[in-house]
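Residue-level structure breakdown
One-letter residues, chain by chain:
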Amino acid sequence: MMKMIKNIHIISLSHSLFLVFSSIFAAVAAQNNPVNVGVGVVLDFDTGFGKMGLSCINMSLSDFYASHPNYTTRLLLHQRNSPTDVVLTAAAALDLINNVEVQAIIGPESSMQANFVISLGDKAHVPIISFSATSPSLTSIRSPYFIRAAQNDSSQVKAISALIQAFGWRQVVPIYVDNEFGEGVIPYLSDALQEVDVRIPYRVVLSSTANDDQIETELRKLMAMQTRVFIVHMLPGLGTRVFEKAKEIGMMDEGYVWIMTDGMFNMFSYISFGSVVENMQGVLGLKPYVPSTNELEDFRVRWKRKFQQDNPGVDDVDLGVFGLWAHDAAKALAMAVEEVVTSSNESFGFQKVNSSGSSNDLERIGVSEIGLRLVEALSTTNFIGLSGRFSLLNGQLQSSTLQIVNVIGKGEKVIGYWTPENGLVRSLNSKTTMNSSYSTSNTSLGSIIWPGDSISAPKGWQIPTSGKKLKILVPIKSGFKEFVNVTHDSSSNTNKVSGYCIEVFEAVKKALPYDIDYEYYPFAMPDGESRAGNYNDLVNEVFLGKYDAAVGDLTIRANRSLYIDFTLPFTESGVSMIVPIKDNKNKNAWVFLKPLTWDLWVTSGCFFIFIGFVVWVLEHRINEDFRGPPLHQIGTSFWFSFSTMVFAHRERVVSNLARFVVIIWCFVVLILTQSYTASLTSLLTVQQLQPTVTDVNLLLKNGDNVGYQSGSFVLGILKQLGFQDDKLRTYDTVEQLNELFHNGTANNGIAAAFDETPYMKLFLATYCSKYTMVEPTFKADGFAFVFPKDSPLARDVSRAILNVNEGGEMDKIEQRWFKKQQSCQNTSNNVSSNSLSLESFWGLFLIAGVASSLALLIFVAMFLYEHKDIRLDSESSFWRKVLVMLRIYDQKDLSSHTFKKSGQ
């Protein structure tokens, strides 16, 4: 038995050793006799970029197969030089497909070259793997055989919009090259900026072959515009010349903002960056974030040594992100080829197309037998490469974190990062960053040195000092010319513009922190005198971009604000009602009753009676003046109470409670009589101006006509109130309005007028003695200046309006233009007060009533307590007790000191 077990162990050990040696032999056999799979490399080997790319691909494959000796496949590279010429690049790719029958092509470099090569790969089912063709337009070809092992240019537009939003810039101008690389990102950039309400007022499109004069011409156009934020998207060959010209003409000074996409920053590793950095001081840029690892640093050292050995005359090329993407793309392709070849026993050649007699290379293109499976394998690739996480989902390298850099001195400084999850962040992998929401705040960035060595963030726009004048549109008015008055001189064909609104604008212009040059343009017909349309038409001219602003009596309206921007209002807001006033000076015999309302008269009379009753109750038992026959007592009580109006009461008050009541009542009577005297004096001596109408509903009920200014939005308000068209009258001047009031409704005039408060104040300044402003006042937003949508000038003008208002200059301007007539200087337009009402005195009556009632309650309590023996008599009925108490009350209180002194 033991011998059998020993034999089994020997057999097992022999089998294990056989498997180990078999694996070793298989690996050696695979290494000695691998399956070569042809792969094309189409790059421009005459440039530093092409040399760097090829070097990274070779090192990637060498390192990969050294660490995977058991792989049965090897990528065999077939190189084809492809200059910038698109046709030569396509010919090189076609040669690789037709004659070499490569299973994949790495390259080409540019998006322009890739455009046609992708179509060839799609036709031949050969994957085209580009690590540098970044234009989003290539995605629109929708070829499954295009693998982009680089970040799509569209992946950075969110970062750009977040950066612009962080500093509050409202307008930007993209400057890009006129080819697939430049134009491809613009639709995505426009959408991203539109989402954060940022406009693109202009675009600069430069040819890739543009000369210095053409570049300078376009830049000088930008200098003549207001926008100072520029986004540059082009390759360094053209971009460096743009910055050189920008610095030469003064566009790299303080106030300008330049943002470079990663298309330029990524390529600076392959040119002499130090030679152009002096022209780019203060520029912001984006570049993909590559995590620093030991493997990356080791590869960088080895690559630098190998590159210098292979290219001894090239010293200005550094390893950039494109080189890392080329390295990872080659590794991904090697992994995918191994997976496809080892998982299938089928051949991986080309199926030839029957094209006998045809000399056209395009018609002779074969179809790769493993192309589709190779694409599927590449699309599932996911590993940590030198560039970071390398995942080719749907044939596209997935977006990652972007660095935001600032060009300073002879290099660049990282000022922050942008991530799809957190937006702008100061640093990565911190707890604050991982727990924060999406940020678009500039506080999430480090300090920035802007062009001109400025540390203050530019506002993103300015009025060009050497540019054209601002074209400001002003309305033509036939009336109310105090607001805007345009005088046309036909002999010289010039216009003179004046008025309240014009003077306000010029005062605001002086309050701006900078100077602006402008010229007024009347909104008039060719004759220069009649207006060219209504106020909505005037505002629309600014919206269409024909004018830079509009100044005048322009009311802020919701429908207008949809397509233009208003500043803050510089006048009072509201729509008021003006009605005639009449003199209510009373000259009838009953005018003495007017000072008090009927409820106050009744309340006063009731209190005189009540106070007389209280004093009689308190004094009847102890005061001879309040005793005697019943009629005498009643007369005495009334006489005493009413005589307090003139303080002529002769009866003595001996009870302390009664004295307390009389003191309170005399105070009330004093206030009441003095108020009555003042009101009566006013009625008899002062002119009493009362409005003829105080309620809109009364106008509707009486069927009165009402007026409004021609072309005013007030017409809509009047129709909402219920006024019919036949009851509406229009006017253009204050004189016409006065005439309509004079005629009245009976003579096709009006009973009331509705207009904005500034117009009504001007009207009352002229006719203050005849009309007044009464409620209701309808809401309106006042007059403001008009600018194009999202114009940064509107915000500065709004702040200047606040400064002018706070400084008191606005009141002085108003007094100059709306100065009252001499007859109106000391006349108030306020409606005179009505008769005195109970509401003004109910507090006094309350005090008197409470004091009197309290005194009465105290007296009754003391009286009942003094005669409690009668109250406690159980043999008498309730009513008998009451009668006994009344008889006792009617008798003199002989114990009182008043009767003791008199000897009674």
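In the block above lies the structure referred to throughout.
Residues numbered from 1 in each chain as written. Predicted model: local features only at pLDDT ≥ 70, side-chain atom pairs only at ≥ 80, totals over all residues. Heavy atoms only, no water.

1. What to know about the environment of K221
For the record, the criterion: Put simply, DSSP H or I for four residues or longer makes a helix, DSSP E for two residues or longer makes a strand, and each gets a number counted from the N terminus.
Mapped onto the secondary structure, K221 falls in helix α8 (residues 212-223). Residues K221 and V204, spaced 17 residues apart in sequence, show a C-alpha to C-alpha distance of 9.3 Å.

2. Quick look at the packing of aromatic side chains
For the record, the criterion: Pairing of aromatic side chains here covers Phe, Tyr and the six-membered ring of Trp, requires ring centres within 6.5 Å, and sorts the geometry by plane angle: under 30 degrees stacked, over 60 edge-to-face, intermediate tilted. Relative accessibility under 20% of the residue-type maximum defines a buried residue, over 50% an exposed one, and the middle range a partly exposed one, all with a 1.4 Å probe and only protein chains included.
Overall, the coordinates contain 41 aromatic pairs when judged by the stated rule. With a centroid separation of 5.8 Å and 85° between ring planes, the pair formed by W169 and W450 is classed as edge-to-face. Taken together, the residues W169 in the loop between α5 (157-166) and β6 (173-177) and W450 in the loop between α14 (431-435) and β19 (470-475) connect sequence positions 281 residues apart. Each member of the pair W169 and W450 is classed as buried.

3. What about the nonpolar core?
Defined as follows: We call a set of buried Ala, Val, Leu, Ile, Met, Phe, Trp, Tyr and Cys residues a nonpolar core when their side-chain atoms join them within 4.5 Å. Residues are treated as being in contact if the distance between any of their heavy atoms lies within 4.5 Å.
Judged by nonpolar contacts, the single largest core of 56 residues is most densely connected at M52, I57, L75, F131, W303 and L333. Among the elements that make up this core, the one with the highest residue count is helix α12 (residues 321-342) (14 residues). In contact with L75, not counting residues within four places along its chain, are V37, V39, L61, Y65, A330, L333, A334 and V337. Judged by nonpolar contacts, the second largest core, of 53 residues, contains L470, A753, F763 and F783.

4. Some details on the environment of I231
Its place among the elements puts I231 in strand β8 (residues 229-233). With relative accessibility at 2%, the residue I231 sits in the buried group. Sequence-wise, I231 and V204 are 27 residues apart; in three dimensions their C-alpha atoms are separated by 10.0 Å. Setting aside residues up to four positions removed in sequence, I231 forms contacts with I160, I164, V172, V173, P174, I175, L189, I259 and T261.

5. Thoughts on the sheet that holds strand β18 (residues 423-425)
Applicable threshold: The pairing criterion is simple: DSSP has to find at least two bridges between the two strands. Interaxial angle, 0 to 180 degrees, is taken between N-to-C directions of lines fitted to C-alpha atoms, where a helix line uses only the stretch in contact.
Within the open sheet, the 8 strands sit side by side as β7-β6-β8-β9-β10-β16-β17-β18. Their pairing is mixed. Two strands bound the open sheet, and with one partner strand each, they are β7 (204-206) and β18. Adjacent strand axes in the sheet meet at a mean angle of 25° when their direction is disregarded. In terms of strand pairing, β6 meets β7 through 3 bridges, oriented parallel. Residue Y176 lies in a different strand from β7, and its bridge partner there is V205.

6. So, a nonpolar patch on the surface
Note the threshold: Here the term patch refers to residues with relative accessible area over 30% and no salt bridge, with like charges joined within 9 Å and nonpolar side chains (Val, Leu, Ile, Met, Phe, Trp, Tyr) within 5 Å. We get accessible surface area from the Shrake-Rupley algorithm with a probe of 1.4 Å; when it comes to residues, only the shown protein chains can shield them. A carboxyl oxygen of Asp or Glu within 4 Å of a side-chain nitrogen of Lys or Arg is what we treat as a salt bridge.
Residues I609, L631, I634, F638, F642 and M645 make up a contiguous nonpolar surface patch of roughly 580 Å² in combined accessible area. Mapped onto the secondary structure, I609 falls in helix α17 (residues 598-619). Given the relative accessible area of 42%, I609 is considered partly exposed.

7. Details of helix α22 (residues 734-743)
Keep this limit in mind: Directions drawn from the helix axis to the C-beta atoms are what define this arc.
Looking at α22, one finds that the buried residues are V734, L737, N738, L740 and F741. An end-on view of α22 places all buried positions within 160° of arc, on one side of the element. Following α22 by one or two positions, G744 has its phi on the positive side, about 75°.

8. Topic: the pairing of strand β27 (residues 706-709)
Inclusion rule: Look down the strands so they point away from you; if going from the first strand over the helix to the second traces a clockwise path, that crossover is right-handed.
The side-chain alternation of β27 yields two buried faces, one formed by V706 and Y708 and the other by G707 and Q709. As defined by bridge partners, β27 adjoins strand β28 (residues 728-731) across 4 bridges and the pair is classed as parallel. From the neighbouring strand, Y708 faces β28, where its bridge partner is T730. Taken together, β27, helix α21 (residues 714-721) and β28 constitute a β-α-β crossover, and its handedness is right-handed. Here 2 bridges tie β27 to strand β29 (residues 752-756), and the two strands are oriented parallel to one another. Across the sheet, G707 pairs through a bridge with A753, a residue of β29.

9. Here's the deal with the packing of α17 against helix α26 (residues 842-866)
For the record, the criterion: Roughly parallel means an angle under 35 degrees; roughly antiparallel, over 145; roughly perpendicular, 65 to 115; everything else is oblique. By the definition used in this description, the sense in which the near helix is turned from the far one sets the handedness, with an anticlockwise turn below a right angle giving left-handed and a clockwise turn giving right-handed. Throughout this entry, Asp, Glu, Lys and Arg are counted as charged residues, while Ala, Val, Leu, Ile, Met, Phe, Trp, Tyr, Cys and Pro are counted as nonpolar. The remaining residues, Gly among them, count as polar.
The N-to-C vectors of α17 and α26 enclose an angle of 20°; their axes lie 10 Å apart at closest approach. In terms of orientation, α17 and α26 fall into the roughly parallel class. Like other packed secondary-structure pairs, α17 and α26 cross with a definite hand, here left-handed. Across from L600, T603, S604, F607, F610, I611, F613, V614, V617 and L618 in α17, the residues of α26 making contact are F845, A848, G849, S852, S853, A855, L856 and F859. Within the contact of α17 with α26, the residues separate by chemical class into 13 nonpolar, 5 polar and no charged.

10. Quick look at empty space enclosed by the protein
As a reminder of what qualifies: Detection works on a 1 Å grid of protein atoms alone, calling trapped sets that fit a 1.4 Å probe cavities and calling open sets with protein on both sides within 12 Å along at least five of seven lines pockets, with lining residues defined by an atom within 4 Å of a point. Grid points are joined across faces, edges and corners, and a volume is the space filled by probe spheres set on the points.
Under the defined criterion, the tally for this structure stands at 4 cavities of 30 Å³ or more. In this model, the largest cavity occupies a volume close to 50 Å³. Surrounding the largest cavity, Q156, V157, I160, P174, V185, I186, L189, I231, H233 and T261 form its lining. Going through the elements one at a time, α5, α7 (186-195) and β8 are the ones with two or more residues in the lining of the largest cavity. Class assignment of the residues belonging to the lining of the largest cavity gives a composition of 7 nonpolar, 3 polar and no charged.

11. Some details on the pattern of salt bridges
With the rule as written, the count across this model stands at 23 salt bridges. Between R799 and D796 there is a salt bridge, and its shortest N-O distance comes to 2.3 Å. Here R799 and its partner D796 are both found in helix α24 (residues 792-806), 3 residues apart, which amounts to about one turn of the helix. For R799, a relative accessible area of 47% gives the class partly exposed. Note on D796: relative accessible area 9%, which makes it buried. Taking the shortest distance from any N to any O, the salt bridge between R816 and E809 comes out at 3.8 Å. Its relative accessible area of 47% is what places R816 among the partly exposed residues. Assessed through its relative accessible area of 31%, E809 is described here as partly exposed. Three or more residues joined by partner-sharing salt bridges are found here, namely E216, R220, K245 and E248.

12. Notes on the side chain of S712
Put simply, the rule reads: Counting of polar contacts relies on pairs of N or O atoms within 3.5 Å, with two restrictions inside protein: one atom must be capable of donating a hydrogen and the other of accepting it, and residues adjacent in sequence are counted only when both atoms are side-chain atoms.
The residue S712 is located in the loop between β27 and α21 in this model. From its side chain, S712 meets the backbone nitrogen of V714 in a polar contact 3.1 Å long.

13. With respect to the layout of surface pockets
Volume-wise, the largest pocket comes out at about 760 Å³. Forming the boundary of the largest pocket are 32 residues, of which T84, E109, S110, L235 and M267 lie nearest the centre. Mapped by element, the contributors of at least two residues to the lining of the largest pocket are α2 (48-67), α4 (111-124), α9 (236-248), α10 (262-265) and α12. Split into classes, the residues belonging to the lining of the largest pocket amount to 14 nonpolar, 14 polar and 4 charged. If you add up the space inside the second largest pocket, you get close to 660 Å³. What lines the second largest pocket is a set of 25 residues, and nearest its centre among them are Q171, P201, Q226, D548 and P788. Of all elements in the fold, only β19, α16 (535-543) and β31 (786-788) reach the threshold of two or more residues within the lining of the second largest pocket. Residue composition of the lining of the second largest pocket, by class: 14 nonpolar, 5 polar and 6 charged.

14. Quick look at unusual backbone geometry
The general pattern is negative phi for most residues beyond glycine and trans for most peptide bonds. Residue P108 is bonded to the preceding G107 through a cis peptide linkage, with omega at -5°. Within the secondary structure layout, P108 lies in the loop between β3 (104-106) and α4. A positive phi angle is found at H125, which is not glycine, with a value near 60°. Tracing the backbone shows H125 in the loop between α4 and β4 (128-130). Judged by relative accessible area, which is 28%, H125 ranks as partly exposed. Despite not being glycine, F480 shows a phi value in the positive range, around 50°. Here F480 lies in the loop between β19 and β20 (485-489).

15. What to know about α21
Within α21, the full set of buried residues consists of V714, I717 and L718. Down the axis of α21, the sector holding all buried residues measures 95°, keeping them to one side. Once α21 ends, the next one or two residues include G722, with phi positive near 115°.

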